[in-house]
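A structural walkthrough
Spelled out from the first residue to the last, the chains are:
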Amino acid sequence: MVTSESRTGGVVLSDLTKSYGEVQAVRGVTISIHPGETLALLGPNGAGKSTTIDMMLGLTRPDSGTVSLFGSSPAAAVQAGVVGGMLQTGSLLGYLSVRELVTMVASLYPHPLNVDEVLRLTGTTEIAERPTTKLSGGQTQRVRMAMALVADPELLVLDEPTAALDVEGRRDFWTAMRAVAARGKTVVFATHYLEEADAFADRIILMARGRIVADGPPTEIKARVGARTIRATLPGVDDTALSSLPGVMKADQRGDAFVLTCSDSASSDTALRALLLHYPQASDIEVRGAGLEEAFLDLTGDDGVESDEAPRP
Ligand SMILES: Nc1ncnc2c1ncn2[C@@H]1O[C@H](COP(=O)(O)OP(=O)(O)OP(=O)(O)O)[C@@H](O)[C@H]1O
Ligand SMILES: [Mg+2]
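Residues numbered from 1 in each chain as written. Chains lettered and ligands numbered in written order. Predicted model: local features only at pLDDT ≥ 70, side-chain atom pairs only at ≥ 80, totals over all residues. Heavy atoms only, no water.

1. A short note on the overall build of the chain
To be explicit about the condition: Secondary structure elements follow DSSP: runs of H or I no shorter than four residues count as helices, runs of E no shorter than two count as strands, and numbering proceeds from the N terminus. Each residue gets one of three labels from its accessible area relative to the maximum for its type: buried under 20%, exposed over 50%, partly exposed in between, using a 1.4 Å probe on protein chains only. In this analysis, two residues are considered to be in contact whenever any of their non-hydrogen atoms come within 4.5 Å of each other.
Secondary structure summary: the chain contains 11 helices and 13 strands in total. Classification of the 313 residues of the chain by burial places 45% in the buried group. Put simply, 68% of the contacts in the chain that link residues at least 6 apart link residues at least 24 apart.

The structure is reproduced here in structure tokens:
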């Protein structure tokens, strides 16, 4: 039985593991989430985010380890309407309009939110009378969100909730989520985007290859994976000369081009100025945030954390 008292226990995942045949999708994940916290699970494709979320929601049984949602099992918590999930895949129930579907979901729970309010919050009022089979990808995503919100759960678990949304959809989505978080609800979401995790989460857990590789506030995580690279075409220049430019951590030659890695945006600004000053012939210059995959390889490859496994090709 889920009581308001037991909810103070928050969400506890203890040493979860899950394999699919040879693939160790999740390898010993332990996370403790306070009630009211907004947590981002950040990681590249195949990191184990969805598998972790599926185990949280009781959709996948862990090989070992336990999940406690406010003191009860995922199945009991989901049944009691304490948990709402929004999955990465899956189609909506056909033969119903958006409003009928959201109303039906609401009827399954003891204390649902007002359906019109949820339609408004999720930007689905205009498509409310449309059949769920006639929606675009982004509209479908908004309806999924409405279905998750209408139960008014204590815990919302969202797997890449903004993946199919355009810029406006993303903005609406996070506005709605802020309203949810402001009401003291716990939110867990998976994402590939450091910027999204940084903007909306109190805490970021970095996953790679089934493991947690970092866990902390966004500023801390950003400092660990926020490296920037400068690419420039620059024939006939020596990489040791480039690696000694101010702000540059390392310089790698790629044919006629170089990739300079800098620790953050301030040092990439410094490096770019120095590059243009000393090598005005540099062309095709591109500055970007290092990809997450790259950052994870740095975190998991070079420091020996993953020494029990060969790096992926
Ligand atoms: N049902 C399944 N059968 C076999 N392998 C699976 C299954 N589900 C997941 N995997 C494998 O487990 C690993 C983790 O997958 P998971 O979906 O949890 O990653 P993810 O972090 O959510 O990735 P993405 O960012 O691409 O959504 C992957 O290597 C994946 O191929
Ligand atoms: Mg996934």
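2. Things to note about a nonpolar patch on the surface
In plain terms, the rule: Patch building starts from residues that exceed 30% relative accessible area and form no salt bridge, then joins like charges within 9 Å and nonpolar side chains (Val, Leu, Ile, Met, Phe, Trp, Tyr) within 5 Å. For the area figures, the Shrake-Rupley method with a 1.4 Å probe applies, and any residue is considered shielded solely by the protein chains shown. Should a side-chain nitrogen of Lys or Arg be within 4 Å of a carboxyl oxygen of Asp or Glu, the pair is scored as a salt bridge.
There is a patch of nonpolar side chains on the surface, built from Leu 276, Ile 285 and Val 287 and spanning about 210 Å² of accessible area. Mapped onto the fold, Leu 276 is located in helix α10 (residues 265–278). Classification of Leu 276 by relative accessible area gives partly exposed; the value is 41%.

3. Focus on the sheet that holds strand β5 (residues 83–86)
Note the cut-off: When DSSP finds at least two bridges between two strands, those strands are taken to pair. The angle between two axes is taken between their N-to-C directions and runs from 0 to 180 degrees, where each axis is a line fitted to C-alpha atoms and a helix contributes only its stretch in contact.
Across the sheet, 6 strands lie side by side as β5-β6-β7-β3-β8-β9; this open sheet has mixed pairing. Both outer strands of the open sheet, β5 and β9 (211–216), are each paired with one neighbouring strand and no more. Pairwise comparison of adjacent strand axes, ignoring direction, gives a mean angle of 15 degrees for this sheet. When strand β8 (residues 203–208) meets β9, the two strands line up antiparallel, connected through 5 bridges. The residue bridging Ala 208 from the neighbouring strand is Arg 211, located in β9. In the packing of helix α5 (residues 137–150) onto the sheet, the strands contacted are β5 and β6 (155–159), and the crossing angle to β5 comes to about 170 degrees. Against the sheet, helix α6 (residues 167–182) makes contact with β3 (38–42), β5, β6 and β7 (186–191), and its axis sits at roughly 155 degrees relative to β6, the strand it touches most.

4. Looking at the site of ligand 1
As a reminder, the rule being used: Nearness here has a simple test: a residue counts as near a molecule or strand if at least one of its heavy atoms is within 4 Å of that partner. Residues adjacent in sequence count toward polar contacts only when both atoms are side-chain atoms; beyond that, a polar contact is any pair of N or O atoms within 3.5 Å, and within protein one must be able to donate a hydrogen and the other to accept it. Under this grouping Gly is polar, as are all residues other than the nonpolar Ala, Val, Leu, Ile, Met, Phe, Trp, Tyr, Cys and Pro and the charged Asp, Glu, Lys and Arg.
Ligand 1 sits among 14 residues. The nearest are Gly 46, Lys 49, Ser 50, Thr 51 and His 192. Glu 160 has a polar side-chain atom sitting 3.3 Å from an oxygen atom of ligand 1. Protein contacts shield 63% of the accessible area of ligand 1, which totals 630 Å² for the unbound molecule. Looking at the shell around ligand 1, the elements with two or more residues in it are β2 (23–33) and α1 (49–56). Per element, the largest residue contribution to the shell around ligand 1 is 3 residues, and it comes from α1. Tallied by class, residues from the shell around ligand 1 come to 5 nonpolar, 7 polar and 2 charged.

5. Description of the nonpolar core
In a soluble, globular protein the nonpolar side chains are often hidden away together inside. To keep it simple, the criterion reads: Residues enter a nonpolar core if they are buried and are Ala, Val, Leu, Ile, Met, Phe, Trp, Tyr or Cys, with the set joined through side-chain atoms within 4.5 Å.
Core analysis: the largest hydrophobic core is formed by 44 residues, its most contacted members being Leu 156, Leu 158, Phe 173, Met 177 and Ile 204. Examining the composition of this core, we find that 6 residues originate from one element, α5, more than from any other.

6. Some remarks on the sheet that holds strand β13 (residues 283–289)
Judged by pairing direction, the sheet is antiparallel, and its 4 strands sit side by side in the order β11-β12-β10-β13 without closing on themselves. Looking along the sheet, the strands with just one partner apiece sit at the ends: β11 (250–254) and β13. Taken over all neighbouring pairs, the strand axes of this sheet differ in orientation by 15 degrees on average, direction set aside. Pairing of strand β10 (residues 228–233) with strand β12 (residues 257–262), which is carried by 6 bridges, proceeds in the antiparallel orientation.

7. Focus: unusual backbone geometry
One non-glycine residue with positive phi stands out, namely Asp 15, at about 50 degrees. Tracing the sequence through the fold places Asp 15 in strand β1 (residues 11–20). One non-glycine residue, Asp 284, lies in positive phi territory at about 50 degrees.

8. Some remarks on α5
Each α-helix winds once per 3.6 residues, and so residues spaced three or four apart point in a common direction. How we decide: Take the residue count of a helix, subtract one, and multiply by 1.5 Å to get its expected span.
In this model α5 runs 20 Å from its N-terminal to its C-terminal C-alpha over 14 residues, within 8% of the 20 Å that 1.5 Å per residue would give. Among the 14 residues of α5, 11 are classified as buried, and the element is accordingly described as predominantly covered. For α5, the complete set of buried residues consists of Gly 138, Thr 140, Gln 141, Arg 142, Val 143, Arg 144, Met 145, Ala 146, Ala 148, Leu 149 and Val 150. Next to the buried residues of α5 lie β5, α3 (98–107), α4 (115–121), β6 and α6. A positive phi of about 55 degrees marks Asp 152, the residue just after α5.

9. Let's talk about the packing of aromatic side chains
Put simply, the rule is: Two aromatic rings from Phe, Tyr or Trp, using only the six-membered ring of Trp, form a pair when their centres are within 6.5 Å; if the ring planes differ by under 30 degrees the pair is stacked, by over 60 it is edge-to-face, and anything between is tilted.
Per the counting criterion, the structure on display carries 3 aromatic pairs. Seen from their ring centres, Phe 173 and Trp 174 are 4.8 Å apart, and the 90 degrees between their planes marks the pair as edge-to-face. Of the two residues examined, Phe 173 and Trp 174, each falls in the buried class.

10. Focus: the environment of Ala 47
Along the chain, the position of Ala 47 falls in the loop between β3 and α1. Its relative accessible area of 1% is what places Ala 47 among the buried residues. In sequence terms Ala 47 and Ala 208 are 161 residues apart; their C-alpha atoms lie 4.4 Å from each other. Every residue in contact with Ala 47, bar those within four places of it in the chain, is listed here: Ala 25, Met 207, Ala 208, Arg 209, Gly 210 and Arg 211.

11. Quick notes on the environment of Asn 114
For Asn 114, the location among the structural elements is in the loop between α3 and α4. The partly exposed category is assigned to Asn 114, whose relative accessible area is 48%. Spatially, the C-alpha atoms of Asn 114 and Thr 103 are 9.0 Å apart, while their sequence positions differ by 11 residues. For Asn 114, the side chain forms a polar contact with the main-chain nitrogen of Glu 117, separated by 2.9 Å.

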